[in-house]
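Now for the letters of each chain:
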Amino acid sequence: MSIASVCITTVPPADVKGKDNQLERCSSNSAPSYSAANPKLPLRWQVAMIALTCMCTFGNHWSIGLITTLKTTIEKNLNINNSEFATLVSVTNLVNTLLCLALGFIIDRFGGPLLSVALTSLHLAGAAVEAGATTNGLNSYYVLVAGKIIAAIGDGSLDNAQHKIFTTYFAPGNGFALSIGVIWSMANLAEYVGQSTANVMSQNLGSYSWPLWIGAIISLLSFLCAICVFALDKYLRSHYEVVDYCKRFDQPSAGSVKVGTFNWLAVRQMPFTFWFVVLFVTFEDAGVQSFVSISTQFAQQRLKTGATVGGWVSSFYLLLPVVLTPLEGLFIDAYGHRVTILFLSGCMFLISMLLLRFSETLPTFVCAYIFYAFAQSLTSAPQVEIVRSIIPDPQYYATAFAIKKSLVQGSVVIIVTVAGKLQDLSPTDSLESATTVWLMYAFACVLISTMLLGACYTSFGLQYLPAARLSQVRPKHLEREVERLWELRWHTVTEEGESDKSVTPKEKEVALKSPVPSSVSLYARWVAVGAGFTVIFIAWVIFGFGIEWGASATRA
């Protein structure tokens, strides 16, 4: 049997006749191949692609925290309550509960560069509407909401499009994690500058519309950078041999931007390890992200200070990720241990919330924000990297990331809306009771990450969640670990029904990362899909209650 004709199949379970329960992978080689028609892509152009792609997200993240930082000022000028402000913040996430998934398919189909241009243009338009809603005494809550919705369409999937660019130009364990670390470092830097200067500009320039207009100008620069990324991608593909690491191994590796297809089966065929990771980020990522919505006001209440000092203190947590995230990317590229980093992130988040909830002293408050800064630092890069490392088919990376992002957005809607209601119920407008919700999220993510980490070292986990273990090992030891796990998969055999040594390590890796072909696995994956839609449905229901809560508080 030749390697080119090898097809990895499985012992048929009861439902093996089902179309999406068969596990077949036919590959012609174990790595992307390229011809000598064009010269190899130089490192300097890869660096240029990273730099321009990072600048695409600068305006987005500069503006993303402005509204929450100006919370006290906006509530005063627009005469709205905490529930109405929670609606203003969570509408961004609500829009993306379903939109992220749809855009994930589109990104897989048309590639990251083109979608980066489209999404940054939408964010620019939304940022301009937001700024206009607060200019010349308009102070319109509903226009501000409209601007947030327009910007949200661009914001929600922009990072997905940029990650797709990096999955194309960088391989796992060979620069991908570093590129993700660099882009999130720049994102945190932009968010820090935007948040820390928002109240300063608002007070010194006489209007809170100025920070929003500055954010719109930065968004314009990001839009221009997105156009440069699109043009550069076209140039590199025509003049150099771009090895597309997002291609399947039986596809040509260069020349085409349209690397994916619209395929609902991509959702149903995600392995159970993927859904385990999604469950974790539904609590951890949503909790860490959403705490930003109250961090400034919480600092004001705890320190008994004004909005300017509160903004500076609450944005402090963004400085640590600026330095730590690229180093974290280097570590992942060299040593792996993605699940371990997720576990540490959850622990840091839990410690932070415990300190904020049960102690009111100044030193404890400072320690809590430091631990929160570590949680923020350890959140972004490994979550992006682990999604790519555990899915069997890299061409559907954007779809997988979109599933994760959609559920995170729904979870953010739930936690922000409920916290706003709890704050309104407080006679002193205190956020103390609201932090209980974040504490519950922190406990959940630690529990889930502990189970996922345990799966990397127990016989049950190695047999049924091998992708988790593969995400832990050092990249240079990956092939050896694949061979070891292959022997544990009792159901993995070739067409002849017995072990076939001609199956390549890459084909074995794909098989290990694919769903276990059994009726139990099928039902479990269907339950996971159903649970995901349930989270999104609950988010829409809670959002509706939030609108009613805000209206009722206003009438009262």
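As shown above, the structure is provided for reference.
Here is a short report on the structure shown in this document.

Now for the overall build of the protein. Of regular secondary structure, the protein possesses 24 helices and 3 strands. Of all 556 residues assigned to the protein, the portion counted as buried reaches 60%. Long-range contacts, defined here as pairs at least 24 residues apart, represent 82% of the contacts in the protein between residues at least 6 apart.

What follows concerns the packing of helix α14 (residues 319–335) against helix α17 (residues 380–390). Where α14 contacts α17, the axes come no closer than 9 Å and their chain directions differ by 35°. Here α14 runs over α17; the crossing is right-handed. On α17, the residues that touch Thr325, Glu328, Ile332 and Asp333 of α14 are Ala381, Pro382 and Glu385.

Let us look at a nonpolar patch on the surface. On the surface, Phe316, Leu319, Leu362, Val366, Ile370 and Phe374 cluster together into a nonpolar patch covering about 480 Å² of accessible area. Along the polypeptide, Leu362 turns up in helix α16 (residues 362–377).

Counting residues in each nonpolar core, the largest one holds 124 residues, and the members touching the most others are Ile74, Phe274, Phe349, Met353 and Trp438. Of all the elements, helix α18 (residues 397–425) adds the most residues to this core, at 13 residues. Beyond its immediate chain neighbours, meaning those up to four positions away, Trp438 contacts Gly287, Ser290, Phe291, Ser293, Ile294, Phe349, Met353, Ile415 and Ala419.

Relative to the assigned elements, Phe543 resides in helix α24 (residues 519–555). For the pair Phe543 and Val416, spaced 127 residues apart in sequence, the C-alpha separation works out to 9.5 Å.

The description of two aromatic rings rests on the distance between their centres and on the angle between their planes. Tallied over the full model, the rule gives 13 aromatic pairs. Taken together, a centroid distance of 6.4 Å and an interplanar angle of 85° make the contact between Phe272 and Phe276 edge-to-face. Of this pair, Phe272 and Phe276 both sit in helix α11 (residues 272–290), separated by 4 residues, roughly a single helical turn. Every member of this aromatic cluster is reached through a ring pair, and the members are Phe291, Phe365, Tyr369, Tyr372 and Trp438. The ring of Phe358 carries the charged tip of Arg357 above its face, separated from the ring centre by 5.8 Å.

Positive phi, normally seen in glycine, also occurs at Asn139, with a value near 45°. As for its position among the elements, Asn139 is in the loop between α6 (112–133) and α7 (141–169). Its relative accessible area of 27% is what places Asn139 among the partly exposed residues. The phi torsion at His337 lies on the positive side, around 55°, for a residue other than glycine. The residue His337 is located in the loop between α14 and α15 (338–358) in this model. Take His337: its relative accessible area is 31%, and that puts it in the partly exposed class.

Conventions we followed
- Residues numbered from 1 in each chain as written.
- Predicted model: local features only at pLDDT ≥ 70, side-chain atom pairs only at ≥ 80, totals over all residues.
- Heavy atoms only, no water.
- Helix = DSSP H or I, 4+ residues; strand = E, 2+ residues; numbered from the N terminus.
- Buried < 20%, exposed > 50% of the residue type's maximum accessible area, 1.4 Å probe, protein only.
- Contact = heavy atoms within 4.5 Å.
- Axes fitted to C-alpha atoms, helices over the stretch in contact; angles between N-to-C directions.
- Left-handed = near helix turned anticlockwise from the far one by under 90°.
- Patch = residues over 30% accessible without salt bridge, like charges linked within 9 Å, V, L, I, M, F, W, Y side chains within 5 Å.
- Areas by Shrake-Rupley, 256 points an atom, 1.4 Å probe, with all protein chains shown as cover.
- Salt bridge = Lys/Arg side-chain N within 4 Å of Asp/Glu carboxyl O.
- Core = buried A, V, L, I, M, F, W, Y, C linked by side-chain atoms within 4.5 Å.
- Phe/Tyr/Trp six-rings, centres within 6.5 Å; stacked < 30°, edge-to-face > 60°.
- Lys NZ or Arg CZ within 6 Å of the ring centre and 35° of its normal.

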